[in-house]
Protein chains: 2
Amino acid sequence: MKTTRNTAAKTAVLEVFEKSKTALSHTEIQKQLNDLCDRVTIYRILDRLINEDVIHKISNLDGTVKYAKCNHSHQRVHIHNHAHFSCENCHEITCLETVKPSYIMPHNYKVNEINFTLSGLCPNCLNSNI
Amino acid sequence: MKTTRNTAAKTAVLEVFEKSKTALSHTEIQKQLNDLCDRVTIYRILDRLINEDVIHKISNLDGTVKYAKCNHSHQRVHIHNHAHFSCENCHEITCLETVKPSYIMPHNYKVNEINFTLSGLCPNCLNSNI
DNA sequence: AATTTAAACGCAACAATGTTGCAATTGATA
DNA sequence: TATCAATTGCAACATTGTTGCGTTTAAATT
Ligand SMILES: [Mn+2]
Ligand SMILES: [Mn+2]
Ligand SMILES: [Zn+2]
Ligand SMILES: [Zn+2]
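Residues numbered from 1 in each chain as written. Chains lettered and ligands numbered in written order. Predicted model: local features only at pLDDT ≥ 70, side-chain atom pairs only at ≥ 80, totals over all residues. Heavy atoms only, no water.

(A) Representation of the protein's contact with DNA strand D in the model. Residue and element names in this part refer to chain B. The environment of DNA strand D is made up of 23 residues, and the closest members are Arg5, Thr7, Thr41, Arg44 and Arg48. Backbone atoms, meaning sugar plus phosphate, form 58% of the atoms of DNA strand D positioned within 4 Å of the protein. Within the side chain of threonine 7, a nitrogen or oxygen atom sits 2.7 Å from a phosphate oxygen of DNA strand D. By residue class, the composition of the surface near DNA strand D is eight nonpolar, seven polar and eight charged. (Near = heavy atom within 4 Å. Polar contact = N/O pair within 3.5 Å; in protein donor to acceptor, adjacent residues only side chain to side chain. Nonpolar A, V, L, I, M, F, W, Y, C, P; charged D, E, K, R; others polar.)

Pasting the structure below:
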């Protein structure tokens, strides 16, 4: 088992997540870090944070990938079974922790992970578009 | 309104979809077409087929993007509200047309599209892994 | 406080995927 | 058959993510 270290870059990335109300892409994180570290380092930090269950990855229909902090109380194993909303107008992605889909699977499938992303207009953009 | 044409390449792509039980990536389609046309052309055909509601796009947690034929009776506007299953072992992606998630959204969101992808082990891989 | 050592890093190089502009080709219609 | 916009090929580019390797550094040990 590898031990994990708290580096300046990792701490900075975590701060960026703390400050953000929405999910962030690799590029958005890099901009906020202002060249504090190499972009490869950010990828590696994101990988580590996912393994540590501190953040989770959200993949959108348009191909963009974002990351968000996990809000659940820190359990060893868990499924990120909540929905994510992706606004087609402002392109912000937010966790909807209260929205959990219910569904019935055929037997003989083993489900390890679910990705439930809804897209459309977020409350902000819905209002300003009237 | 642009008119759409039936070209050799488009017909060939459609045949590939007909023959396939699972969703296909751009690369998989290209291999099956055996250099019948340029890879850019395939991207453009896929775009057109999506606009015509003949196929739909499936984006997976691992970042891969696949496409599958729409099975619904051809309606003007529709939401692809069924689930997709992505096998972590064989990497096949299949439409689960019978699995439709139910969920309750907060008001003041407008949902246009949903992307519900489950990953884990498909029946084939589950059996061979015992 | 100095030493140790594996984790983390920077950099360069690469791969995969998708996009754009433009000239040439072609399907469908007249 | 002539027309013409839709489609294509090609080259060039952009973005996103990965890998290898030598160097730096966190943190545990002495
Ligand atoms: Mn979570
Ligand atoms: Mn469909
Ligand atoms: Zn919005
Ligand atoms: Zn499988």
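(B) Up close: the pattern of salt bridges. Residue and element names in this part refer to chain A. For the structure on display, the rule yields six salt bridges over all chains. The partner of glutamate 28 in a salt bridge is lysine 66, and the shortest N-O contact between them spans 3.3 Å. Of this pair, glutamate 28 sits in helix α2 (residues 26–33) while lysine 66 sits in strand β2 (residues 65–69), placing them 38 residues apart in sequence. Residue classification places glutamate 28 among the partly exposed positions, given a relative accessible area of 30%. By relative accessible area, lysine 66 is classed as buried at 8%. (Salt bridge = Lys/Arg side-chain N within 4 Å of Asp/Glu carboxyl O. Helix = DSSP H or I, 4+ residues; strand = E, 2+ residues; numbered from the N terminus. Buried < 20%, exposed > 50% of the residue type's maximum accessible area, 1.4 Å probe, protein only.)

(C) Main features of the protein's contact with DNA strand C. Lining the immediate environment of DNA strand C, one finds 22 residues, of which Arg5(A), Thr7(A), Thr41(A), Arg48(A) and Arg5(B) sit closest. One nitrogen or oxygen atom from the side chain of Arg5(B) is found 2.6 Å from a base nitrogen belonging to DNA strand C. Here Thr27(B) contributes a side-chain N or O atom positioned 3.3 Å from a phosphate oxygen of DNA strand C. Of all elements in the fold, only α3 (39–51) of chain A together with α3 (39–51) of chain B reach the threshold of two or more residues within the surface near DNA strand C. If you tally residues by element for the surface near DNA strand C, the top one is α3(A), at five residues.

(D) Representation of the packing of aromatic side chains within the structure. As enumerated under the stated definition, the model contains five aromatic pairs over all chains in all. Aromatic side chains Tyr103(A) and Phe116(B) sit 5.1 Å apart centroid to centroid with 70 degrees between the ring planes, which places their arrangement in the edge-to-face category. Taken together, the positions of Tyr103(A) in the loop between β4 (93–96) and β5 (110–121) and Phe116(B) in strand β5 (residues 110–121) put the pair across two chains. Classification of Tyr103(A) as partly exposed rests on a relative accessible area of 28%. Taking the relative accessible area as the measure of exposure, Phe116(B) reaches 1% and is therefore buried. (Phe/Tyr/Trp six-rings, centres within 6.5 Å; stacked < 30°, edge-to-face > 60°.)

(E) Local environment of the interface of chain B and chain A. Contacts between chain B and chain A engage 34 residues on the former and 34 residues on the latter. For chain B, the biggest contributors to the area lost against chain A are Leu61(B), Tyr109(B) and Asn115(B); these three give 21% of the whole. Linking chain B with chain A are zero salt bridges. Between the two partners, chain B and chain A, sit 14 residue pairs in polar contact (both at pLDDT 80 or more). Contributions of two or more residues to the side of chain B that touches chain A are made by β1 (55–59), β4 (93–96), β5 and α4 (123–128) of chain B. In terms of residues, the side of chain B that touches chain A owes the most to one element, β5(B), which gives 12 residues. (Contact = heavy atoms within 4.5 Å. Buried area = accessible area lost by both parts, 1.4 Å probe.)

(F) Region of the structure containing the environment of Ser59(B). Structurally, the position occupied by Ser59(B) is in strand β1. Sequence separation between Ser59(B) and Ser86(B) is 27 residues; the distance between their C-alpha atoms is 9.9 Å. Setting aside residues up to four positions removed in sequence, Ser59(B) forms contacts with Ser59(A), Asn60(A), Leu61(A), Asn115(A), Thr64(B), Val65(B), Asn115(B) and Thr117(B). Side-chain polar atoms of Ser59(B) contact the side chain of Ser59(A), separated by 3.1 Å.

(G) Region of interest: the packing of helix α2 (residues 26–33) of chain B against α3(B). All names here are of chain B. Between α2 and α3, the least distance of the axes is 10 Å, while the angle of their chain directions is 120 degrees. Viewed along their axes, α2 and α3 adopt a mutual orientation that is oblique. Note on packing geometry: the crossing formed by α2 with α3 is right-handed. Along its contact with α2, which presents His26, Ile29, Gln30 and Leu33, the element α3 presents Arg39, Ile42, Tyr43 and Leu46. Classifying every residue of the contact of α2 with α3 by side-chain character gives five nonpolar, two polar and one charged. (Axes fitted to C-alpha atoms, helices over the stretch in contact; angles between N-to-C directions. Parallel < 35°, antiparallel > 145°, perpendicular 65-115°, else oblique. Left-handed = near helix turned anticlockwise from the far one by under 90°.)

(H) Structural detail: the coordination of the zinc ion (ligand 4). All names here are of chain B. Distances from the zinc ion (ligand 4) to its protein donors, namely Cys87 (SG), Cys90 (SG), Cys122 (SG) and Cys125 (SG), fall within the range 2.2 to 2.4 Å. Classification of the site at the zinc ion (ligand 4) as tetrahedral follows from its four donor atoms and the range of 103 to 118 degrees in their angles at the metal. Sequence spacing among the residues donating to the zinc ion (ligand 4) works out to C-x2-C-x31-C-x2-C. Of this pair, cysteine 90 sits in the loop between β3 (83–87) and β4 while cysteine 122 sits in the loop between β5 and α4, and the two are 32 residues apart along the sequence. Since its relative accessible area comes to 32%, cysteine 90 is described here as partly exposed. Judged by its relative accessible area of 11%, cysteine 122 is buried. (Donors = N, O, S within 2.8 Å, 3.2 Å for Na, K, Ca; no water. Tetrahedral: all angles 85-135°; square planar, octahedral: opposite > 155°, others 65-115°.)

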